[in-house]
Amino acid sequence: MRRLYIGIDVGGTKIAYGLFNENKELIGRHRTATDPQAYPDEFGHQLISDINALLVRNGFSLQDLKGVCIGMPSSVDFDNGIVLWTSNMTNIKQFHAREYFSNRLPGVEIIIDNDTNLAALAEHRRGAGRGYDHIIYTALSTGVGSGFIINNELFRGTYGGAGESGHMIITPDEGIECGCGNRGCIMSYSSGSMVSKHVVNAILNGRKTMMYDMVEGDLSKINGEILNAAFRRGDDLAIEMLDQIGKYIGIYVYNLFMAFNINCYVFGGGLLNFGQPLFDSIRSGLNKYYRDAEHEIIFKMAELGNDAGIIGAVELLD
Ligand SMILES: [Zn+2]
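Residues numbered from 1 in each chain as written. Predicted model: local features only at pLDDT ≥ 70, side-chain atom pairs only at ≥ 80, totals over all residues.

What follows covers the domain arrangement of the protein. Along its sequence, the protein is carved into domain 1 (4-121 + 307-316) and domain 2 (131-302). Computed over C-alpha atoms only, the centres of domain 1 and domain 2 are separated by 27 Å. Across the contact, 13 residues belong to domain 1 and 16 residues belong to domain 2. Among the elements of the structure, strand E5 (74-77) and helix H3 (115-126) are those that each provide at least two residues to the side of domain 1 that touches domain 2. Counting residues per element, the side of domain 1 that touches domain 2 draws most heavily on H3, which supplies five residues. Split into classes, the residues belonging to the side of domain 1 that touches domain 2 amount to six nonpolar, five polar and two charged. (Domains from an automatic or database assignment. Contact = placed C-beta atoms within 7 Å. Helix = DSSP H or I, 4+ residues; strand = E, 2+ residues; numbered from the N terminus. Nonpolar A, V, L, I, M, F, W, Y, C, P; charged D, E, K, R; others polar.)

Take a look at the structure:
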């Protein structure tokens, strides 16, 4: 009888698999490295072979599998199950993923969604957003993106792109060019990869920082981890960068609150390694503009960590 579910979280560096029983309890895991150069066929082949391995290792077969949901770090046409484009895996584009996997896993329900949407759903059902009718989950990571839960359901918008709000423009035609081709997106001031570019530019302009020595002059190694380590050691530029992230994410929250009047913001992603100082910085960025003392805006740290993707995936399956 088909009664097992597999949730898959495709990340920039690794692919995480969770095997769940009929009560949606996690009973097995698998993890492989992401091949950033893979074409859809190689990528699909790897997933099928990993799905098989995960089942067999836990004493099951494909005949036991009821549903598979794949969270992609991509723009996804949810209704049609198509991966439109993927910034970390540039060859995975216009991939008719649902059709591909349905053909190779007959009888198994296949769902494809965006990874941030799945993390939002997971945090709402089983994590920091439990008990709220509406939440906005925001991943502060290499990029900045959100998943909206409205009336206890994921909101995807007309074309499925709701939550790409890191590309909302805040300084038109100014600042570093974003991956989307525009200048002035909120994420160009506040995402891990873009803040690293700000650090590199500052160094190239003669700014002194311990981050230069930490990467032994190899500026391509400046990343969120280096920034975090420098911050903890009191580096002025790192402190400025955290203030910058807080300023722009504070405005991001303010703008979303003005648009949706949703008061619960759950934050996840790698930049959360900054901990409380990041929250304090976002709060002060928000409070500069938000002056309504009667209506609280709640910040929460995501609770499910790296499992949010596989849990959200399985929550989407029937
Ligand atoms: Zn952008």
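Within the open sheet, the five strands sit side by side as E3-E2-E1-E4-E7. Their pairing is mixed. Each edge of the sheet is formed by a strand with only one pairing partner; in this case those strands are strand E3 (26-33) and strand E7 (109-114). Neighbour to neighbour, the strand axes of the sheet diverge by 15° on average, direction disregarded. Those strands touched by helix H1 (residues 40-57) are strand E1 (4-10), strand E2 (14-20), E3 and strand E4 (65-72), and its axis lies near 145° from that of E3. (Pairing = 2+ DSSP bridges. Axes fitted to C-alpha atoms, helices over the stretch in contact; angles between N-to-C directions.)

Closest axis-to-axis distance for the helix H8 (residues 236-260)/helix H9 (residues 276-287) pair is 7 Å, and the angle between their directions is 55°. By the angle between their axes, H8 is oblique relative to H9. The handedness of the crossing between H8 and H9 is right-handed. Taken together, the residues of H9 that come into contact with H8 (itself represented by Leu-242, Asp-243, Ile-245, Gly-246, Lys-247, Ile-249, Gly-250, Ile-251, Val-253 and Tyr-254) are Pro-277, Leu-278, Ser-281, Ile-282, Ser-284, Gly-285 and Leu-286. Class assignment for the residues of the contact of H8 with H9 results in ten nonpolar, five polar and two charged. (Parallel < 35°, antiparallel > 145°, perpendicular 65-115°, else oblique. Left-handed = near helix turned anticlockwise from the far one by under 90°.)

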